[in-house]
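# Observations on the three-dimensional arrangement
So the chains spell out like this:
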Amino acid sequence: IRGLKLLSKKLPKETPVADTLNQQNEGNCYILYVDMTSESMYALTYVMGTIVNNGDTLYIVQWESSSVKVNDNTIKENIIKISENCYHLFDCISGVIDTLDIIILSLTHPYPKHLLNEMITTLKPQTLCCSLSMILSGLQNFVCGVPTLVIRKKLKRTKKKGIME
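Structure report, in brief.

Calculation notes
- One numbering rule holds for all chains: residues counted from 1, following each sequence as written.
- Given that the model is predicted, a residue must reach a pLDDT of at least 70 before its local features are reported, and side-chain atom pairs must reach 80 or more before they are shown or counted; all residues, however, enter totals for whole chains, interfaces and linings.
- Water and hydrogen atoms were dropped before computing side-chain values, which therefore reflect all heavy atoms in the structure.
- The rule for a salt bridge is simple: a side-chain nitrogen of Lys or Arg has to be within 4 Å of a carboxyl oxygen of Asp or Glu.
- A helix here means a DSSP run of H or I that spans at least four residues, while a strand means a run of E at least two residues long, and both kinds are numbered starting from the N terminus.
- For every residue, the accessible area obtained with a 1.4 Å probe (protein chains only) is divided by the maximum for its type, and the residue is called buried under 20%, exposed over 50%, and partly exposed between those limits.
- Expected span, for any helix, means 1.5 Å times one less than how many residues it has.
- It is the directions from the helix axis to the C-beta atoms that the arc portrays.
- Contact criterion: two residues are considered in contact whenever any of their non-hydrogen atoms come within 4.5 Å of each other.
- Only strands that DSSP links by at least two bridges are regarded as paired with each other.
- In this description, a line fitted to the C-alpha atoms serves as the axis of each element, helices being fitted only across the stretch in contact, and the angle between N-to-C directions of two axes falls anywhere from 0 to 180 degrees.

So, about the pattern of salt bridges. For the structure shown, the criterion picks out one salt bridge. A salt bridge links Asp 101 to Lys 10, with the shortest nitrogen-to-oxygen separation between them at 3.4 Å. Pair noted here: Asp 101 is in strand S4 (residues 100-107) and Lys 10 is in the loop between strand S1 (2-9) and helix H1 (16-23), with a separation of 91 residues, a long-range link. Asp 101 sits in the partly exposed class, given a relative accessible area of 21%. Relative accessible area serves as the criterion here: at 56%, Lys 10 is assigned to the exposed category.

Here you go:
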């Protein structure tokens with residue numbers, strides 16, 4: 001079962017900024033691998049706020065890992081939740097980014113590591129981004145040909161040493 005949605009943020013073609021952006025080279029491509037946890041949604045916020053630039057393409061791959069039979073409604077609900085979050089983030093980054101394409105892909109697949117390797121081979125992204133919980137649960141021992149950015153929601157806190165320590 002698969003679901004796909006394209007979100008695009010573009011400037012009107014009459015503006016001079018749009019002309020200069022169209023003359024620039026193609027942007028980079030990134031893959032964000034998410035499940036529907038809060039840490040993955042934070043990873044989406046992090047990627048949209050710090051990594052993407054004008055003209056980039058972001059592929060959001062959501063793999064439904066539940067063991068029960070997945071129906072079309074579950075896939076549609078996942079795409080709607082992710083797209084609502086993306087529309088909100090479009091508003092947040094509107095002062096910095098003028099053109100951005102987001103492709104949301106929600107699916108079921110028996111071997112998600114194989115799927116990611118095929119996507120990386122085909123799309124040739126700059127980076128594979130995912131949350132720490134995804135690495136620890138579904139992508140253990142995953143090796144790919146591009147750098148992997150692991151996003152953690154909570155920062156590590158260093159122990160503050162006092163006078164006696």
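Moving on from the model shown.
Taking 1.5 Å of rise per residue, 21 residues should cover 30 Å, and helix H3 (residues 72-92) covers 30 Å from first to last C-alpha, within 8% of that figure. Within H3 the residues assigned to the buried category are Ile 75, Asn 78, Ile 79, Ile 82, Ser 83, Asn 85, Cys 86, Leu 89 and Phe 90. For H3, the arc enclosing every buried residue in end-on projection is 165°, short of the 170-degree limit, so these residues lie on one face. In H3, the exposed residues that point more than 90 degrees away from the buried face are Lys 76, Glu 84 and Asp 91. Those residues of H3 that are buried lie in contact with S1, strand S2 (29-34), helix H2 (38-51), strand S3 (56-63) and S4.

Okay, the sheet that holds S1 next. Read from one edge to the other, the open sheet built from six strands follows the order S1-S4-S3-S2-S5-S6, with strand pairing classed as mixed. Strand pairing shows two members of the sheet lacking a second neighbour, S1 and strand S6 (148-151), which therefore form its edges. Strand-to-strand twist across the sheet, computed as the mean angle between neighbouring axes with direction ignored, equals 20°. In this structure, S2 lies alongside S3, joined through six bridges in parallel fashion. By the bridge assignment, Cys 29 is partnered in S3 with Thr 57. Across the sheet, H2 lies against S2, S3, S4, strand S5 (127-131) and S6, angled at about 120° from S6, the strand it touches most. Where helix H4 (residues 112-123) meets the sheet, it contacts S2, S3, S4 and S5, and its direction lies at approximately 170° from that of S2.

Another point: unusual backbone geometry. Despite not being glycine, Lys 124 shows a phi value in the positive range, around 50°. With respect to the helices and strands, the residue Lys 124 is situated in the loop between H4 and S5. For Asn 141, which is not glycine, the phi dihedral falls at a positive 60°. Among the secondary structure elements, Asn 141 is positioned in the loop between helix H5 (132-137) and S6. When its relative accessible area of 79% is taken as the criterion, Asn 141 is described as exposed.

Taking 1.5 Å per residue, 14 residues should reach 20 Å; H2 reaches 19 Å between its end C-alpha atoms and fits that length. All of the buried residues along H2 are Glu 39, Ser 40, Met 41, Ala 43, Leu 44, Val 47, Met 48 and Ile 51.

Let us now look at the environment of Gly 3. In this structure, Gly 3 sits in strand S1. According to the relative accessible area criterion, Gly 3 is buried, its value standing at 13%. Along the primary structure Gly 3 and Ser 106 are separated by 103 residues, whereas in three dimensions their C-alpha atoms are 5.0 Å apart. Once residues within four sequence positions are removed from consideration, Gly 3 is found in contact with Ile 75, Ile 79, Ile 104, Leu 105 and Ser 106.

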